[in-house]
Amino acid sequence: MKTLSIFTTLLAVSAAKKCVVRNPTDSAKTNDVKAPVTDDIPSDNETPVNVDENTPLDKEEDSGIENSDIENSEDKPKGKLPADFKWGAATAAYQVEGAWNTEGRGESVWDHFTHLYPMNVESSDRSNEDSTNGNVACDSYHKFDQDIAMMKIMKANHYRFSISWPRLFPEGQAKKVKGKWNVNKEGVEYYDMVIDTLLENNITPMATLYHWDFHTLSMKSMVVGRLPFTRRFAKYAEFCFEHFGDRVKNWITTNEPWVNCVSGYRLGPGKAPYRCTGEAPRKLANDTAGLDLLGGCSYEIGPSQYTKNHEALTANRPPQRLEDVWCSHNILIAHAKAVNVYRKKFQKKQKGLIGITIDGEAQIPWQDDKTTPEELENNKKYANLAAEFRIGWYSDPPMIGDYPESVKQRMSKDMPVFTDEEKALLKGSSSDFLGWNTYTAHWAEQVKNEDGTYVQPPTDEEANFENSKRDMWDDNCRGRGEGWTCIPPTLGSQAGSSWNTKFAPTIRVGLNWFSKRYEGLIKNGIVITENGCAQPNYKVARANDEVTKKYFESIGQPKYADTYKEEDIEREDNLEGTLMHDTYRIDWYDQYLKNLRLAYAVDNIDVRGYMAWSLLDNFEWENGYETRFGMTYIDFYNDKEMKRVPKDSLEHLGQWYLENVEQN
Ligand code: BGC
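From a predicted model like this one, the values you see are computed outputs, not experimental measurements.

A. Local environment of the sheet that holds strand β2 (residues 158-162). What the eight strands build is a closed barrel, ordered β1-β2-β5-β6-β7-β9-β14-β15; its pairing is parallel. Adjacent strand axes in the sheet meet at a mean angle of 25° when their direction is disregarded. Bridge analysis of strand β1 (residues 86-90) against β2 gives three bridges, and the strand direction is parallel. By the bridge assignment, A90 is partnered in β2 with R160.

And the structure:
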């Protein structure tokens with residue numbers, strides 16, 4: 001069976017998010033997509049996004065969104081965003097704070113990982129010991145006043161930051177004994193200062209409790225037996241609500257469980273806690289980015305817990321091959337428990353909102369001039385199915401209390417089951433608002449065998465993790481290096497991270513998907529809690545462009561096939577160039593925000609906020625300081641003062657806000 005789709009083979013760059021892997025050998029195969037298919041493009045006054053009102057949650061259905069609909073509505077924004085639109089930028093504790101061992105902070109898994117495996121983090125100056133970790137990062141721990149100054153430039157009215165669990169509870173376990181918490185006083189003072197300074201500057205704090213930097217203590221309990229981790233998390237959350245909740249009214253429990261678990265537990269070797277659940281230890285093939293990634297997984301939580309064939313474990317221990325699945329399961333439960341604490345003890349008095357932030361790419365049904373109407377219908381069905389796996393897996397539980405039926409059915413016994421009590425806790429636990437981090441989009445279609453016949457979905461007997469997506473994509477990452485794909489191929493022009501491509505309609509498609517799926521269930525709308533890019537650079541190949549161009553030509557919308565010119569490429573040695581004058585990033589924001597406005601004004605989607613990623617250049621996980629997502633420049637290697645220098649995009653967003661959001 002040919003496990004890769006035609007579109008996968010068209011791709012030269014196919015990478016799981018944050019996992020830099022490329023296959024240059026595929027770059028030649030880029031010319032299968034042909035001439036325009038324009039027949040079904042509606043006229044300008046038709047409803048642009050054709051959403052069927054009656055999609056049941058548990059059925060495989062198409063996404064109801066026409067490619068042509070998305071494209072054709074471009075010139076229709078009407079009505080500015082409302083004055084109370086949440087507008088700002090996002091960061092995360094480990095990526096910006098630094099001060100990793102000052103004033104009593106404990107060790108997070110990211111400290112542990114980066115200190116043990118510095119070679120797993122990209123650096124162009126290994127003589128600088130801090131270039132491969134967050135020890136210093138942007139030193140926001142000491143320079144927060146300068147960060148505020150940057151927020152002002154973009155006219156932020158909100159700031160999304162995260163709280164470092166080990167900074168508050170160096171021992172990992174939060175405890176309240178006789179009314180007194182075992183909390184690190186200095187850590188509390190730091191976040192008090194952050195929150196108070198924000199409020200003094202009329203910027204509303206939006207705090208994430210967990211952005212991947214959990215305490216080392218929880219590394220094992222995250223996957224091995226759910227109770228310790230989820231209880232611990234709820235207790236830590238309780239402290240945060242109790243102490244900061246008089247001033248913080250926007251709580252996000254956890255950030256992107258998919259990336260956290262799939263990258264951290266399945267894909268290795270670039271993300272803590274550096275497991276390689278799905279594969280044997282390896283060295284990445286075709287590592288043209290110059291990442292010198294060491295092969296191997298730490299197996300730090302102890303190989304002894306595994307049987308020889310790494311399977312069948314004793315009760316309460318997930319098989320090693322499913323650690324990411326269990327990690328996700330436990331994070332979702334932890335989220336629900338924290339929400340329960342907030343709702344029961346604090347929300348009424350404090351009057352804040354609480355929700356989860358998930359990530360996930362909108363799925364775009366494939367279409368070219370060879371696609372028959374039947375095939376297109378099928379691709380739409382697959383777009384919805386793929387979205388249920390990629391997004392619904394994480395968004396259904398906090399909205400409707402359980403995993404999508406398609407996921408449960410295709411995973412069969414490999415899927416952990418929520419107890420009734422957990423289901424009840426989960427249901428509606430993100431009904432205050434839903435946070436969505438959106439970056440790129442994936443093509444969706446049913447995978448074909450070499451003879452052109454469709455790969456069939458698994459039968460009930462075949463249903464398990466490995467087979468669950470075989471007709472959608474092969475995410476088990478087997479055969480990496482040979483045109484492999486872990487997730488479906490991305491669509492759009494190549495930005496500065498291998499996984500990140502510019503395809504702005506994704507934000508609109510996704511907002512419509514959520515809105516239709518959870519109609520009437522989200523009280524305060526969807527908040528885009530992250531969106532942004534790194535400028536194109538020489539570290540990432542651009543082979544996606546040609547394919548994307550042909551795709552857009554084929555649906556009669558060549559303007560979306562934007563690419564970049566040589567002069568857009570970021571060069572560290574040229575401050576006069578796009579490092580500071582970040583034109584590609586500006587265009588990114590313009591295009592995505594335009595689509596957000598379309599979703600709001602034309603499709604009537606209840607979208608309440610937008611947080612750009614990121615306020616500052618910062619520690620970009622396994623890409624270290626080599627990949628810059630910030631709207632503010634920092635010279636990490638040479639400037640001891642870490643001076644913040646605004647890039648053009650920061651000011652541009654300030655202007656965008658004035659022009660596109662109602663001003664009181
Ligand atoms: C994460 C951020 C990260 C950004 C860019 C998001 O997935 O939440 O921490 O820096 O993407 O990679």
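B. Just the pattern of salt bridges, in detail. According to the stated counting rule, one finds 33 salt bridges in the structure shown. Here D139 ties to K143 by a salt bridge, and the two come within 3.3 Å at their closest N and O atoms. Assigned by exposure class, D139 and K143 land together as buried. Among the ionic pairs, E530 bridges to R160, the shortest N-O distance being 3.1 Å. Residue E530 is found in strand β14 (residues 526-530), and its partner R160 is found in strand β2; the two are separated by 370 residues along the sequence.

C. Focus on the sheet that holds strand β8 (residues 362-365). Taking strand neighbours across the sheet as the criterion, the three strands line up as β8-β10-β11 in an open arrangement whose pairing is mixed. The open sheet terminates on both sides in strands that have one partner only, identified here as β8 and β11 (490-491). Packing of helix α12 (residues 373-400) onto the sheet brings it into contact with β8 and β10 (441-444), and relative to β8 it is tilted by some 165°. Together, β8 and β10 form the strand contacts of helix α15 (residues 505-517), whose direction differs from that of β8 by roughly 100°.

D. Representation of the confidence of the model for the chain within the structure. For the chain, per-residue confidence averages 80 on the pLDDT scale, and 75% of positions sit at 70 or higher. Mean pLDDT per element in the chain: helix α1 (residues 6-10) is the minimum at 21, and β2 is the maximum at 99. This stretch, residues 1-77, has a pLDDT under 50; its non-local contacts, to residues over four places away or in other chains, come to 234 contacts. Counted against residues more than four places away or in other chains, residues 279-318, with its pLDDT under 50, gives 90 contacts.

Conventions and cut-offs
- Within every chain, residues take consecutive numbers counted from 1 along the sequence as written.
- Local features in a predicted model are, by the rule used here, given only for residues with pLDDT of at least 70; side-chain atom pairs are given and counted only at 80 or more, and totals for whole chains, interfaces and linings are based on all residues.
- Hydrogen atoms and water are omitted, and side-chain values are computed over all heavy atoms in the structure.
- Paired strands are those between which DSSP finds at least two bridges.
- The helix and strand labels rest on DSSP assignments: H or I over at least four residues marks a helix, E over at least two residues marks a strand, and numbering proceeds from the N terminus.
- Here, axes are lines fitted to C-alpha atoms. For helices the fit covers the stretch in contact, and angles between N-to-C directions go from 0 to 180 degrees.
- Here, a salt bridge means any Lys or Arg side-chain nitrogen found within 4 Å of an Asp or Glu carboxyl oxygen.
- For every residue, the accessible area obtained with a 1.4 Å probe (protein chains only) is divided by the maximum for its type, and the residue is called buried under 20%, exposed over 50%, and partly exposed between those limits.
- Contacts are assigned to residue pairs that have any heavy atoms within 4.5 Å of one another.
- pLDDT expresses how confident the predictor is about each individual residue, on a scale running from 0 to 100.

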